[in-house]
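Chain by chain, the residues:
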Amino acid sequence: MTAIERTAIGWALGTMPARLLMRAAGSKVLLDRLAVVFFAAICLLVSAYALVRPDYNWDMVAYVAAALEDRHPDPAELHAETWKRVSEGASQSQLYHLQYGTPYNKHQWENPADFQSQLSMYRVKVAYVALIEALEPLTGLVKASMLLSILPSLALGALCLWLLGRDDALQGAFLLAPVLMLAGYAHMTTAVVPDMLVSFVSLLAILLFASKRDIAACVVLLVSVLIRPDNIVLAFALLLTAIAFGWRVLPLLVTFVVGLVACVAMSRFGSHPGWWAHFYFSCVEVQNSMTNFHPDFSFGAIMRGYTRGVLVAIMENDWPAIFALLIAAWALLNRVGRTGTERANALVFALVIGTLGKFASFPLPDDRFYFVSIAAMAVVLATMWKPRFDIAAARA
């Protein structure tokens, strides 16, 4: 008997469960299946939690109001009907937080006209608001808004597993799951925001581009812009990538131009206050009313906005660190010659410049705004790497 066999660790390694675990570690097929189970379990648990304990956030109130606005143009009626719908499912503590959690929330709860003025920044997500309205007969507006985070969350998880399985990289799910969780997957599933839906649609477009199905990819990409107009930045990044890597430029050029026209139209017909007023509201100082809010352009305010964005992103959010790690992983994979297909390498390039471009155009610091790029980069790099954790990799 060796020295280690006489220890507690040695005894534990000699037990039947340990021997079965060691045997499993030598099987690629079994570890692939365990990776699928691990990843699927996380997605299902997060979605189940979101169903049982949804996050009644301020955006939910605003999107429900945007969906009701065409039926209740009067601010007082709209305010009353919105809060009636939200109150039906929210607990007393959730309602208190929504109504009195911050001075801004309190003001919006007490001032119907100012509340309606905020909706100009929400109604421009035309496709997202339309989907909430379309689901209303089946679920009601509040539950519809929740489902538009939960269902895309499950669909995104399924799409990630499909991509990994297609490229024989299923064990990459062991790494992909924690990356997505750190990037905000759980929060985006429980909160009512369009980011999970646009992330799924964008990842689907990336998959289609990777398969060289450019026309279908462009159609899906255009849909993502209708869901969230700032996804036009990703369309522009892909257009630059097409030029740099010799793809067919015309489909992406048409997509970008049509998307840009759609953004202008949605902004105009939705009475959006414009880039500068929205920048000032989101990055410099929150405004209780957006009615006739037209602040003078200020270089100092621009610097305040970008400084706040950088500091809050680095100190309070995870996407900058994950983004840096993914770029490092991309460089290391290139160094050892594991770049995947030319398309895959080009798509990572597009996602990198798209992330930088999105922050440069509007320096919002929260993880959810960059989840699209983080998730897509992580899954594409996993398919390049094809990590293996089975001990007997050479024999599997």
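About the criteria used
Residues numbered from 1 in each chain as written. Predicted model: local features only at pLDDT ≥ 70, side-chain atom pairs only at ≥ 80, totals over all residues. Heavy atoms only, no water. Helix = DSSP H or I, 4+ residues; strand = E, 2+ residues; numbered from the N terminus. Buried < 20%, exposed > 50% of the residue type's maximum accessible area, 1.4 Å probe, protein only. Contact = heavy atoms within 4.5 Å. Patch = residues over 30% accessible without salt bridge, like charges linked within 9 Å, V, L, I, M, F, W, Y side chains within 5 Å. Areas by Shrake-Rupley, 256 points an atom, 1.4 Å probe, with all protein chains shown as cover. Salt bridge = Lys/Arg side-chain N within 4 Å of Asp/Glu carboxyl O. Phe/Tyr/Trp six-rings, centres within 6.5 Å; stacked < 30°, edge-to-face > 60°. pLDDT = per-residue confidence, 0-100. Disulfide = S-S within 2.5 Å. Core = buried A, V, L, I, M, F, W, Y, C linked by side-chain atoms within 4.5 Å. Axes fitted to C-alpha atoms, helices over the stretch in contact; angles between N-to-C directions. Parallel < 35°, antiparallel > 145°, perpendicular 65-115°, else oblique. Left-handed = near helix turned anticlockwise from the far one by under 90°.

Before going further, it helps to examine the side chain of lysine 358. As for its placement among the helices and strands, lysine 358 is situated in helix α20 (residues 342-361). On the basis of relative accessibility, which here comes to 12%, the residue lysine 358 falls in the buried class. Excluding anything up to four places from it in sequence, lysine 358 contacts Asp230, Val233, Phe369 and Tyr370.

Okay, a nonpolar patch on the surface next. Among the surface-exposed residues, Phe236, Leu240, Ile243, Val249, Leu250, Leu253, Val254, Val257, Val258 and Val261 lie close enough to one another that they form a single nonpolar patch of about 830 Å² accessible area. A total of 7 residues in the nonpolar patch trace back to one element, the largest contributor, which is helix α16 (residues 249-269). As for its placement among the helices and strands, valine 261 is situated in helix α16. Judged by relative accessible area, valine 261 falls into the exposed class, the value being 55%.

Another aspect to go through is the packing of aromatic side chains. Note on aromatic pairs: each is described by the distance of the centres and the angle between the planes. As enumerated under the stated definition, the model contains 25 aromatic pairs in all. With centroids separated by 5.6 Å and ring planes inclined at 80°, the aromatic side chains of tryptophan 58 and tyrosine 104 adopt a geometry described as edge-to-face. One end of the pair, tryptophan 58, is in helix α4 (residues 58-68); the other, tyrosine 104, is in helix α7 (residues 103-110), with 46 residues separating them in the sequence. Summarising the burial analysis for this pair, tryptophan 58 and tyrosine 104 share the class buried. With 6.4 Å between their ring centres and 55° between their planes, tryptophan 319 and phenylalanine 323 make a pair best called tilted. With tryptophan 319 and phenylalanine 323 both in helix α19 (residues 319-335), this residue pair falls 4 residues apart, about one helical turn.

Turning our attention to the environment of leucine 311. As for its placement among the helices and strands, leucine 311 is situated in helix α18 (residues 299-316). When the C-alpha atoms of leucine 311 and arginine 343 are compared, they prove to be 34 Å apart, with 32 residues separating the residues in sequence.

On to the confidence of the model for the protein. In this model, the protein carries a mean pLDDT of 91, and residues with pLDDT of at least 70 account for 92%. For the protein, the element scoring lowest by mean pLDDT is helix α1 (residues 8-13), at 58; helix α14 (residues 214-227) scores highest, at 97.

Turning our attention to the pattern of salt bridges. Counted by the stated rule, this structure contains 16 salt bridges. The residue aspartate 32 makes a salt bridge to lysine 28 at a minimum N-O spacing of 2.7 Å. You can see aspartate 32 and its partner lysine 28 sitting in helix α3 (residues 28-52), 4 residues apart, about one turn around the helix. Lysine 28 carries the same exposure label as aspartate 32, and that label is buried. Close ionic contact of arginine 343 with aspartate 214 constitutes a salt bridge, the shortest N to O distance being 2.9 Å. Here arginine 343, found in helix α20, pairs with aspartate 214, found in helix α14; they are 129 residues apart in sequence, far enough to count as distant. By the burial criterion, arginine 343 is buried, and aspartate 214 matches it. Where salt bridges share partners, they join Asp59, Asp195, Arg228, Asp230, Lys358 and Arg368 into one cluster.

This paragraph deals with the state of the cysteines. Considering all chains together, one arrives at 0 disulfides under this definition. No disulfide involves cysteine 43; its sulfur sits 7.4 Å from that of cysteine 160, the nearest cysteine. Cysteine cysteine 263 shares no disulfide, and the gap to the nearest cysteine sulfur, in cysteine 218, comes to 15 Å. With a relative accessible area of 15%, cysteine 263 lands in the buried category.

Time to look at the nonpolar core. The biggest cluster of nonpolar side chains holds 122 residues, and the ones touching the most others in it are Phe39, Leu180, Phe209, Leu238, Leu252 and Phe371. Contact partners of phenylalanine 209, with chain neighbours within four places excluded, come to Asp214, Ala217, Cys218, Leu221, Leu238, Trp247, Leu252, Arg343 and Leu347.

Attention now moves to the packing of helix α9 (residues 126-139) against helix α10 (residues 141-166). The contact between α9 and α10 brings their axes to 8 Å, and the two run at 120°. Comparing the axis directions of α9 and α10 gives the class oblique. Like other packed secondary-structure pairs, α9 and α10 cross with a definite hand, here right-handed. Between α9 and α10, the residues in contact are Tyr128, Leu131, Ile132, Glu133, Leu135, Glu136 and Thr139 and Leu141, Lys143, Ala144, Ser145, Leu147 and Leu148, respectively.

With that out of the way, let us pick up unusual backbone geometry. Positive phi values are uncommon outside glycine, yet serine 271 reaches one of about 55°. Within the secondary structure, serine 271 sits in the loop between α16 and α17 (275-284). In this model, lysine 386 sits at a positive phi of 50°, which is unusual for a non-glycine residue. Here lysine 386 is to be found in the segment after α21 (371-385).

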